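Architecture and fold: a report
Now for the letters of each chain:
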Amino acid sequence: MRFVFLIIVALFVSGCSPENVRDFDIRNLAKSDIDMVADTHRKELEKQIRKLTIKLYKRNPRELAKTPRMTIDLRVQQILAPPPAEGYPELEGRSGAKAMSLALTESYQGDRVFALMAGVHSMIDASFNHKREFFLLDELDQQKLYNSARNLETVAWNLNNRKDQRGQLLLLSNGYSKEGIPNLSFERTLGKMIALQDMLALIIADTTNRTIKNVVHRAASFTFLPI
């Protein structure tokens, strides 16, 4: 009874009306406003990763065909799930920047979309200190968030420019329809992810009185910043 009483008091103090009690999550009592913001950013990034993965596979069906009986849904599930402790065998255990670099290496014969997006997801995961939900004692590093945003800019540039010896793009993304109408949806999705990471980095830096080290980093490169 005392536990229930404490919950009711907490709801009253937080301004939650009795009609909304059923929608209240007791875990929120252990969260600050910043924790809730971080949770929201993390969830939105997962949505954008899912969206970008699907779009890349639809634009590059040959990559999915490299793995027998594979489907887009299965690949999305693999990418968004925690990776095996030893890493993905087809990526030779690589994750983060190493997996993204593998996807953009001309000699790589595997599924480039999977390598790229598994790398993006594991990089984002590392920028959130491998946490999917945040509470009062959890901390985020504004520099990791900032660096991951710069790495996403590098991914965006390479998608538009990285070609093989025949002059063909390694992965198709933005382009034009038969009517000459530009399709920039890939760029917009990556832009949303970059903005989410940059905004959260600024919020964390402001609330912790820490500064972000602005790294001189060219998007037009094949190097990624450490996370």
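This section reports on the structure supplied with the text. (Residues numbered from 1 in each chain as written. Predicted model: local features only at pLDDT ≥ 70, side-chain atom pairs only at ≥ 80, totals over all residues. Heavy atoms only, no water.)

1. Topic: the overall build of the protein chain
To keep it simple, the criterion reads: Numbered from the N terminus, helices here are DSSP runs of H or I no shorter than four residues, and strands are runs of E no shorter than two. Residues count as neighbours in contact if any of their non-hydrogen atoms are within 4.5 Å of one another. Surface exposure here means Shrake-Rupley accessible area, sampled with a 1.4 Å probe, where a residue is shielded only by the protein chains that are shown.
Regarding its fold elements, the protein chain presents eight helices and two strands. Helices (α) and strands (β) of the protein chain occur, in sequence order from the N terminus, as α-α-α-α-α-α-α-β-β-α. When contacts within the protein chain are restricted to residue pairs at least 6 apart in sequence, long-range pairs at least 24 apart make up 69% of them. Accessible surface, the protein chain: about 13100 Å² in total, of which carbon and sulfur atoms supply 57%.

2. Overview of the nonpolar core
Filter applied, for reference: Think of a nonpolar core as a cluster: buried Ala, Val, Leu, Ile, Met, Phe, Trp, Tyr and Cys residues, connected wherever their side-chain atoms sit within 4.5 Å. Each residue gets one of three labels from its accessible area relative to the maximum for its type: buried under 20%, exposed over 50%, partly exposed in between, using a 1.4 Å probe on protein chains only.
Leu 91, Leu 116 and Met 117 are the most contacted members of the largest nonpolar core, which has 50 residues in total. When contributions to this core are tallied by element, the ones reaching two or more residues are α2 (33-59), α4 (72-80), α5 (96-103), α6 (112-127), α7 (142-161) and α8 (185-208). Ignoring anything within four residues of it in the chain, the contact list for Leu 116 reads Leu 56, Ala 99, Met 100, Ala 103, Val 155, Leu 159 and Leu 171.

3. Re the pattern of salt bridges
Spelled out, the test is: By salt bridge we mean one thing: a side-chain nitrogen of Lys or Arg within 4 Å of a carboxyl oxygen of Asp or Glu.
Inspection of every chain in the model, using the stated rule, returns 14 salt bridges. Note that Arg 150 is salt-bridged to Asp 198, the shortest N-O span being 2.8 Å. Linking Arg 150 in helix α7 with Asp 198 in helix α8, this pair joins segments that are 48 residues apart in sequence. The exposure class assigned to Arg 150 is buried, which follows from its relative accessible area of 8%.

4. Here we look at the environment of Met 70
Following the sequence through the fold, Met 70 ends up in the loop between α3 (61-64) and α4. Residue Met 70 is classed as buried on the basis of its relative accessible area, which comes to 18%. Here Met 70 is in contact with Leu 64, Arg 75 and Gln 78, once residues within four sequence places are set aside.

5. A word on α5
Among the eight residues that make up α5, six are buried, leaving the element largely enclosed by the rest of the structure. Looking only at α5, the buried set comprises Gly 96, Ala 99, Met 100, Ser 101, Leu 102 and Ala 103. For α5, the elements touching its buried residues are α6 and α7.

6. What about the packing of aromatic side chains?
Worth spelling out the cut-off: The pairing test for Phe, Tyr and Trp rings, Trp by its six-membered ring, is centres within 6.5 Å, and the orientation test on the planes gives stacked under 30 degrees, edge-to-face over 60, and tilted for anything in between. Note on criteria: charge over ring means Lys NZ or Arg CZ within 6 Å of the ring centre, with the direction from the centre no more than 35 degrees off the ring normal.
For the coordinates displayed, the defined rule picks out two aromatic pairs. Geometrically, the ring pair formed by Tyr 88 and Phe 114 is edge-to-face, given 5.0 Å between the ring centres and 75° between the ring planes. Of this pair, Tyr 88 sits in the loop between α4 and α5 while Phe 114 sits in helix α6, and the two are 26 residues apart along the sequence. Judged by its relative accessible area of 11%, Tyr 88 falls in the buried class. The ring of Phe 186 has Lys 55 sitting right over it, with the charged end atom 4.8 Å from the ring centre.

7. Brief notes about empty space enclosed by the protein
Rule in force here: Of the grid points, spaced at 1 Å and generated over the protein atoms alone, those admitting a 1.4 Å probe that cannot get out make up cavities, while open sets with protein on both sides within 12 Å along at least five of seven lines make up pockets; any residue with an atom within 4 Å of a point is treated as lining. Grid points are joined across faces, edges and corners, and a volume is the space filled by probe spheres set on the points.
Within the structure shown, the criterion is met by one cavity of 30 Å³ or more. Quantified by volume, the largest cavity comes out at close to 50 Å³. Around the largest cavity, the lining residues are Ile 79, Ala 81, Pro 83, Tyr 88, Ala 118, His 121 and Ser 122. When residues in the lining of the largest cavity are grouped by element, the largest group, three residues, is from α6.

8. Notes on the side chain of Asp 35
Put simply, the rule is: The convention is simple: Lys and Arg are positive, Asp and Glu are negative, and His and the chain ends are not counted. Two N or O atoms form a polar contact when they lie within 3.5 Å of each other; inside protein one atom must be a possible hydrogen donor and the other a possible acceptor, and for residues adjacent in sequence the pair counts only when both atoms belong to side chains.
Mapped onto the elements of the fold, Asp 35 is located in helix α2. Of the side chains with opposite charge, Lys 31 lies nearest to the buried Asp 35, which makes no salt bridge, at 6.2 Å. At 2.8 Å, the side chain of Asp 35 forms a polar contact with the backbone nitrogen of Ser 32. Among the polar contacts made by the side chain of Asp 35, one reaches the main-chain amide nitrogen of Leu 136 at a distance of 3.2 Å. Sequence-distant contacts of Asp 35, defined by excluding residues within four places in its chain, comprise Ala 30, Phe 134, Phe 135 and Leu 136.

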